[in-house]
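Structural overview for review
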Protein chains: 2
Amino acid sequence: MEKSNTEQLYEEEMQMFADDEQIDSFREQFLDMHPYDQASFFIEMPKETRLKIYTYLSPEELADVMEHIELDDIRPLFTEMDPRLAAMVLAKMATDDAVDILNELEKDVVVSLLTIMDDKNASEIKELLHYEEKTAGSIMTTEFISVYENKMVKEVMEFLKAEAPEAETIYYLYVVDEDKHLVGVTSLRDLIIADPDTQVSELMSENVLSVSVAKDQEEVAQMIRDYDFLAMPVVDFQNHLLGIITVDDILDVMEEEASEDYSLLAGVSDMDRPKDSAFISAKKRLPWLVILLFLGILTASLIGQFEQTLEQVAVLAIFIPLIAGMAGNTGTQALAVAVRGITTGDYGKQGKMKLIAREAGTGLINGIVCGVLITGIVYFWQDDFFLGVLVGLSIMATLVIATLAGALVPLLMDRLNIDPAVASGPFITTINDLISILIYFGLATTFMQYLV
Amino acid sequence: MEKSNTEQLYEEEMQMFADDEQIDSFREQFLDMHPYDQASFFIEMPKETRLKIYTYLSPEELADVMEHIELDDIRPLFTEMDPRLAAMVLAKMATDDAVDILNELEKDVVVSLLTIMDDKNASEIKELLHYEEKTAGSIMTTEFISVYENKMVKEVMEFLKAEAPEAETIYYLYVVDEDKHLVGVTSLRDLIIADPDTQVSELMSENVLSVSVAKDQEEVAQMIRDYDFLAMPVVDFQNHLLGIITVDDILDVMEEEASEDYSLLAGVSDMDRPKDSAFISAKKRLPWLVILLFLGILTASLIGQFEQTLEQVAVLAIFIPLIAGMAGNTGTQALAVAVRGITTGDYGKQGKMKLIAREAGTGLINGIVCGVLITGIVYFWQDDFFLGVLVGLSIMATLVIATLAGALVPLLMDRLNIDPAVASGPFITTINDLISILIYFGLATTFMQYLV
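The rules behind the values
- Residues numbered from 1 in each chain as written.
- Chains lettered and ligands numbered in written order.
- Predicted model: local features only at pLDDT ≥ 70, side-chain atom pairs only at ≥ 80, totals over all residues.
- Heavy atoms only, no water.
- UniProt positions renumbered as here; feature names shortened; annotations may be inferred.
- Patch = residues over 30% accessible without salt bridge, like charges linked within 9 Å, V, L, I, M, F, W, Y side chains within 5 Å.
- Areas by Shrake-Rupley, 256 points an atom, 1.4 Å probe, with all protein chains shown as cover.
- Salt bridge = Lys/Arg side-chain N within 4 Å of Asp/Glu carboxyl O.
- Helix = DSSP H or I, 4+ residues; strand = E, 2+ residues; numbered from the N terminus.
- Axes fitted to C-alpha atoms, helices over the stretch in contact; angles between N-to-C directions.
- Parallel < 35°, antiparallel > 145°, perpendicular 65-115°, else oblique.
- Contact = heavy atoms within 4.5 Å.
- Nonpolar A, V, L, I, M, F, W, Y, C, P; charged D, E, K, R; others polar.
- Buried area = accessible area lost by both parts, 1.4 Å probe.
- Polar contact = N/O pair within 3.5 Å; in protein donor to acceptor, adjacent residues only side chain to side chain.
- Pairing = 2+ DSSP bridges.
- Buried < 20%, exposed > 50% of the residue type's maximum accessible area, 1.4 Å probe, protein only.
- 1 Å grid on protein atoms, 1.4 Å probe; cavity = no way out; pocket = protein on both sides within 12 Å on 5 of 7 lines; lining within 4 Å.
- Points joined across faces, edges and corners; volume = space filled by probe spheres on them.
- Domains from an automatic or database assignment.
- Phe/Tyr/Trp six-rings, centres within 6.5 Å; stacked < 30°, edge-to-face > 60°.
- Core = buried A, V, L, I, M, F, W, Y, C linked by side-chain atoms within 4.5 Å.
- Least-squares fit on C-alpha atoms with pLDDT ≥ 70 in both.

As annotated in an unreviewed UniProt entry, chain A carries the name Magnesium transporter MgtE and is attributed to Lentibacillus persicus. Its UniProt record, at the heading Subunit (unreviewed entry), says of chain A: "Homodimer." Turning to chain A, the UniProt annotation filed under Sequence similarities (unreviewed entry) states: "Belongs to the SLC41A transporter family."

Time to look at a nonpolar patch on the surface. On the surface, A:Tyr379, A:Phe380, A:Phe385, A:Phe386, A:Phe447 and A:Tyr450 cluster together to form a nonpolar patch covering roughly 670 Å² of accessible area. Mapped onto the elements, A:Phe380 comes out in helix α20 (residues 349-382).

The positions that UniProt labels "transmembrane region" (unreviewed entry) are, in the present scheme, residues 286-306, 312-339, 360-381 and 387-413 of chain A. End C-alpha to end C-alpha, residues 286-306 of chain A measures 30 Å, and it is 95% helix and 0% strand.

Further remarks concern the packing of helix α17 (residues 278-305) of chain B against helix α22 (residues 425-446) of chain B. Residue and element names in this part refer to chain B. Here α17 crosses α22 at 0°, and the two axes come no closer than 10 Å. Between α17 and α22, the crossing angle belongs to the class labelled roughly parallel. Packed against α17, whose contacting residues are Trp288, Leu292, Leu295, Gly296, Leu298, Thr299, Leu302 and Ile303, the element α22 presents Pro426, Phe427, Thr430, Asp433, Leu434, Ile437, Leu438 and Phe441 at the interface. Taken together, the residues that form the contact of α17 with α22 break down as 12 nonpolar, three polar and one charged.

The next thing to look at is the UniProt feature "domain: CBS" (unreviewed entry) in chain A. As recorded in UniProt, the sites labelled "domain: CBS" (unreviewed entry) are residues 140-202 and 204-260 of chain A. Across residues 204-260 of chain A, helical content stands at 44% and strand content at 23%; the span's end C-alpha atoms are separated by 39 Å.

This part is about the interface of chain B and chain A. In this assembly, 114 residues from chain B lie in contact with 114 residues from chain A. Between chain B and chain A, a total of about 10,500 Å² is buried, with carbon and sulfur atoms accounting for 68% of that surface. In this assembly, chain B and chain A are joined by eight salt bridges. Put simply, B:Glu255 and A:Arg225 hold a salt bridge, and the shortest N to O gap is 3.7 Å. Put simply, chain B and chain A have 26 residue pairs in polar contact (both at pLDDT 80 or more) between them. By residue number, the principal contributor to the side of chain B that touches chain A is α17(B), which donates 19 residues. Within the side of chain B that touches chain A, the residues separate by chemical class into 67 nonpolar, 24 polar and 23 charged.

Residue and element names in this part refer to chain B. The strand order β1-β2-β3 describes an open sheet built from three strands, whose pairing is mixed. At either end of the open sheet lies a strand with only one pairing partner, and these are β1 (146-148) and β3 (182-187). Strand-to-strand twist across the sheet, computed as the mean angle between neighbouring axes with direction ignored, equals 35°.

Remember that side chains alternate between the two faces of the sheet whenever the strand is regular. Residues and elements named next belong to chain B. Of all five residues making up strand β2 (residues 172-176), five are buried, and the element is well covered by its neighbours. Where burial is concerned, the two faces of β2 agree: the one with Tyr172, Tyr174 and Val176 and the one with Leu173 and Val175 are both buried. Pairing of β2 with β3 involves five bridges; the strand directions are antiparallel. Looking across to β3, one finds that leucine 173 is bridged to threonine 186.

For the structure shown, the criterion picks out five cavities of 30 Å³ or more. Approximately 190 Å³ is the volume found for the largest cavity. Residue lining of the largest cavity: 15 residues in total, with A:Glu255, B:Glu218, B:Gln222, B:Glu257 and B:Arg340 positioned closest to the centre. Every element with two or more residues in the lining of the largest cavity is listed here: α16 (247-265) of chain A together with α15 (217-227), α16 (247-265) and α19 (320-343) of chain B. Ranked by residue count, the leading element in the lining of the largest cavity is α16(B), at five residues. When residues of the lining of the largest cavity are sorted by domain, at least three fall in each of domain 2 (146-261) and domain 3 (278-451) of chain B.

With that settled, the discussion passes to the domain arrangement of chain A. By a widespread convention, an interface's size corresponds to the accessible area lost as its parts come together. Along its sequence, chain A is carved into domain 1 (5-134), domain 2 (146-248) and domain 3 (278-451). Centre-to-centre separation of domain 1 of chain A and domain 3 of chain A, based on C-alpha positions: 51 Å.

All names here are of chain A. Per the stated rule, a full pass over the model turns up 27 aromatic pairs over all chains. Centre to centre, the rings of phenylalanine 26 and phenylalanine 30 are 5.1 Å apart; their planes meet at 20°, and the pair counts as stacked. Remark: phenylalanine 30 and phenylalanine 26 occur in helix α2 (residues 23-31); sequence separation between them is four residues, near one turn of the helix. Aromatic rings pair up to connect Phe26, Phe30, Phe41 and Tyr56 into one cluster.

The next point concerns helix α7 (residues 83-92) of chain B. The α-helix advances 3.6 residues per turn, and as a result positions three or four apart in sequence lie on the same side. Residue and element names in this part refer to chain B. Looking only at α7, the buried set comprises Leu85, Ala86, Ala87, Val89, Leu90 and Ala91. Elements that come into contact with the buried residues of α7 comprise α4 (47-56), α5 (59-66), α6 (74-80), α8 (95-102), α9 (107-116) and α10 (119-129). N-cap assignment for α7: the residue whose side-chain oxygen lies 2.8 Å from the backbone N of arginine 84 is aspartate 82.

Moving on, we get to the nonpolar core. The biggest cluster of nonpolar side chains holds 184 residues, and the ones touching the most others in it are A:Phe26, A:Met66, A:Phe78, A:Leu188, B:Met66, B:Phe78 and B:Leu188. Leaving out residues up to four positions away in the same chain, B:Leu188 has contacts with A:Tyr171, A:Leu188, A:Ile192, B:Met157, B:Leu160, B:Ile170, B:Tyr171 and B:Leu173. Counting 73 residues, the second largest nonpolar core, distinct from the first, contains A:Leu286, A:Leu399, B:Leu289 and B:Ile320.

So, on to the sheet that holds strand β5 (residues 231-235) of chain B. All names here are of chain B. Strands sit in the order β4-β5-β6 across an open sheet of three strands; the sheet is mixed. Sheet topology places β4 (211-212) and β6 (241-246) at the edges, where each strand pairs with a single neighbour. Here β5 pairs with β6 via five bridges, running antiparallel. Within β6, the position partnered with valine 234 by the bridge is glycine 243.

This part is about the relation of the copies chain B and chain A. When chain B is fitted onto chain A, the two copies agree to an RMSD of 0.1 Å after a turn of 180° and an axial shift of 0.0 Å. Those values place the two copies in the arrangement expected of a two-fold rotation axis. Of the residues that chain B buries at the interface, 100% are likewise interface residues in chain A, meaning the two copies contact each other through the same surface.

Here it is, written out as structure tokens:
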């Protein structure tokens, strides 16, 4: 979002206060902003100004700021901070956010920060650090509110008043038995409406949905979206309540997963960032390009096999990019549909067979339409009916096979437990180049006598 | 998600209860499920069973179910229902969900449903129906809780108890003045901690962020994600509070926008659905394919201009798909990076010039690496140094220009206020085919004497 002039002036004034050590004026303006705006301001400051600001704010206040800084920007901040301050700030943050930050830092820095930190916070964080990336465990927080089923509503309300400032959300309350098994859920909304003398067990819903710590974050996001939850409890294999995942973290997960799928479709394994230099950006894209270059050489050597055909009928070369291009286009379409369908879980087992049959049908219809169109065009343009039929037939066959390939590759990857989104557009395009050339020159060589 | 056997049995039993008119048993099992699961079950039933179920449930209970049915599946349900029941169900739904459903129905059905509905609900819905699709107005709900600034915390808590069952969220309370201007915000969390005798004006934050009704839904999603809000107030141009947008609707917006960007990158303007037949699916993809076919004919006729060159040096044809393919690949990468950067708002005005410069650099580095690689390979393979240099130079020039084109096209579209995501991968690929052919054959024709 672009800044208005007023915002710009406000921020310039704050920087002046910070640099001139007018601590009270700085604090007043700074703390009046939402933490996200504090974070945006903070990250734009020169290092000298930031070093001063660290001394003006309490660890709690800094924790609020740090929770809203993009993870890509976090490392320099925790490196320039005094380690004792860094440890205190981390201890004041929501555990899930602290863990996210520690995952961005060097291993020895993490160890020393956890050593300085008080034992309770350190052990909570250490526990979360164990969970594998992109699982429910890695995105959950341990700052949740759980209550025993035999408590009264009025007792719970008193308890909430004390716990509210620390908890990540107070709007869902998870009910546990004496062994910390998750047995129910209730909401602050229900508590407010309820008679203060009701027991929690009467109020709660026993039909509580939870996810296992090992669950993929994308599936958790899908569940929270389907059920319209604000938070979801995370349990271990014995149904002990371990933590909760809140909807604000799910928004980030969705953004991350969407960005990942999008990049992979375009053949960029790791998305460039606006600040990346040309070198870094080239480094991220080159691996794909080099692989595709070698696949392209395969295609070239395949055409090389047909050099004799080409020497006799040079006009054949004219239609190479058209046919290869159409193969790539239709393949990418089918790929996108299949990947999207698989990742959103819209296909069951039966659905997959149906998808393949559907794609074959779609390829055939598209093939016939495009094939007939191009036959006519080539006939009128080159005044050569057989050339027209050859190009038309090639397009038709190519579209059927390339459409199928586009759908089959991600399905196959899914079967092999590889994320189907990895089957990128450029990859399928290059594979389909190969297939289309084989069909086109195969047909041309077979029916050579009609062409010359 | 796939179903377990227990779930399957449970659902079969419910269907039996429904078909046999064992209303009490059916209601007991059905109402024990989460509305999302009720919706999933409901949509899988045959029409005859559904027609019975309509009579077993109250309009409120049906509203809960309907709120969780995918919009694509909604039309047949509201067509098979008795219109008076349909109107009652819509009246019991959250206004934003009711509006979403009405947008799926035929215009005359909408008019007749609104005529049957009681005036209060009908006028609320009519107001929301006016807002343009994909704006804040179109996704907001009018069931929010607003309080006057001079109220006491204890009064507000009493008020909440009465309003809680109806409101979309009771966790954020928006504070308005006498003329309904939005002046502040407070949360149920703050209310619970606060002394019951505090005035709302002392408790509230005056620094309340809001969006205008006309704001694009994607920008609203970005704000809610950045600020970690559960809801966001929507105001008109005079800052009157009109409605709120809740985070559960934002999850749907994010899914919708991600799906749209992904499909467009692959050249599918409207995503296929698992249930679509081959005909429907072909109809969705054909427009793109036909446009690309005509662009491909342009490329073909361009090569046709160089037929003489091709007749003299047939080997040139071998490298056409390689060069065109690399142009397409690098263009799609640059496109994806630019579109992503623009839609997430990571670039300011300055950033766009920087992006272009960066992409030129990236294209040059990738071009040099791939160009040198391919020169060596072609030289050793074809034993022709000049051919190697020709292909290498073409790849290099192609990669620079195609990378730039990939970034420039979405930037240009953004400048023209067109969604940059519309610049799909296949489109940029086909444009880059053209560019690459021009470079390759242009160079080949110019330096012909070294090749033959």
